[in-house]
Amino acid sequence: MENVVQMAWPFILMGVIFYFMIYRPQKRDQKKRANMLDSLKVGTRIVTIGGIFGEIAKIKDDRIRIKVAEDVEIWIRRAAVGTVITTELQKAAKEEKSEAKAEEKVEETKADAAEEAKETAASEASK
């Protein structure tokens, strides 16, 4: 039994390394891309995987019509969207949201600490 464990640990170690270095990051990236594709809406500025810049004019099932120039629109597959171009206003809005979330977490932490201190003081007073 001990001999089998000694022989198997390198394979187990390789499996763990494979999971953390390849599988997990790939799944995280797939999830991020799926969220990006699901959040597309009319008016969003995008870049296709072929490098075409445009603005979404219409979304229909798995196809998207993008406006690439004045009076020039083309249909592409939803999967052909490479990235979403964020404007300075969108970046500022995201920043404000993340700052607000951070402030909420700080307030929650302070409230939890105060509650814990009250519980500790109450338990010490009862002793």
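Residues numbered from 1 in each chain as written. Predicted model: local features only at pLDDT ≥ 70, side-chain atom pairs only at ≥ 80, totals over all residues. Heavy atoms only, no water.

Naming follows an unreviewed UniProt entry, where the protein appears as Preprotein translocase subunit yajC of Acidaminococcus intestini. What UniProt records for the protein under Sequence similarities (unreviewed entry) is the sentence "Belongs to the YajC family." The Subcellular location (unreviewed entry) comment attached to the protein in UniProt states, word for word, "Cell membrane". (UniProt positions renumbered as here; feature names shortened; annotations may be inferred.)

### Regarding the overall build of the protein
When helices and strands are tallied, the protein shows 2 helices and 5 strands. In the protein, the succession of helices and strands from N to C terminus is α-β-β-β-β-β-α. Over its C-alpha trace the protein gives a radius of gyration of 26 Å, far above what one expects of a compact globule, namely 14 Å for 127 residues. Along the first, second and third principal axes, the C-alpha set of the protein runs to 80 × 55 × 25 Å. Going through the 127 residues of the protein one by one, you find that 12% of them count as buried. A separation threshold of at least 6 residues defines the contact pool for the protein, and within that pool the share at least 24 residues apart is 34%. When the accessible surface of the protein is split by element, carbon and sulfur atoms take 58% of a total near 10,700 Å². (Helix = DSSP H or I, 4+ residues; strand = E, 2+ residues; numbered from the N terminus. Rg over C-alpha atoms; globule rule 2.2 N^0.38 Å. Buried < 20%, exposed > 50% of the residue type's maximum accessible area, 1.4 Å probe, protein only. Contact = heavy atoms within 4.5 Å. Areas by Shrake-Rupley, 256 points an atom, 1.4 Å probe, with all protein chains shown as cover.)

### A word on the pairing of strand E4 (residues 72-77)
Relative to E4, strand E3 (residues 63-69) is paired through 6 bridges, and the arrangement is antiparallel. Looking across to E4, one finds that arginine 63 is bridged to arginine 77. (Pairing = 2+ DSSP bridges.)

### Regarding unusual backbone geometry
Of note in this structure, aspartate 61 is not a glycine but carries a positive phi near 55°. Structurally, aspartate 61 is set in the loop between strand E2 (53-60) and E3. In this structure, aspartate 71 takes a positive phi of about 65° despite not being glycine. Take aspartate 71: it is sitting in the loop between E3 and E4. By relative accessible area, aspartate 71 is classed as exposed at 73%.

### A few points about the side chain of arginine 78
Following the sequence through the fold, arginine 78 ends up in the loop between E4 and strand E5 (81-84). Aspartate 62 provides the closest opposite charge to the buried, unpaired arginine 78, separated from it by 4.8 Å. At 3.5 Å, the side chain of arginine 78 forms a polar contact with the backbone oxygen of aspartate 61. Every residue in contact with arginine 78, bar those within four places of it in the chain, is listed here: Leu37, Asp38, Leu40, Ile59, Asp61, Asp62, Arg63 and Ile64. (Lys, Arg positive; Asp, Glu negative; His and termini not counted. Salt bridge = Lys/Arg side-chain N within 4 Å of Asp/Glu carboxyl O. Polar contact = N/O pair within 3.5 Å; in protein donor to acceptor, adjacent residues only side chain to side chain.)

### Re the pattern of salt bridges
Inspection of every chain in the model, using the stated rule, returns 4 salt bridges. Among the ionic pairs, arginine 45 bridges to glutamate 55, the shortest N-O distance being 4.0 Å. Taken together, the positions of arginine 45 in strand E1 (residues 45-48) and glutamate 55 in strand E2 put the pair 10 residues apart, joining distant regions of the chain. Two residues, glutamate 70 and lysine 67, come together in a salt bridge whose shortest N-O distance is 4.0 Å. Assessed through its relative accessible area of 63%, glutamate 70 is described here as exposed.

### Digging into the packing of aromatic side chains
This model, assessed by the stated rule, comprises 2 aromatic pairs. Taken together through their ring pairs, the aromatic side chains of Tyr19, Phe20 and Tyr23 make up a single cluster. In this arrangement the basic side chain of arginine 63 is found over the ring face of tryptophan 75, its NZ or CZ atom lying 4.3 Å from the centre. (Phe/Tyr/Trp six-rings, centres within 6.5 Å; stacked < 30°, edge-to-face > 60°. Lys NZ or Arg CZ within 6 Å of the ring centre and 35° of its normal.)

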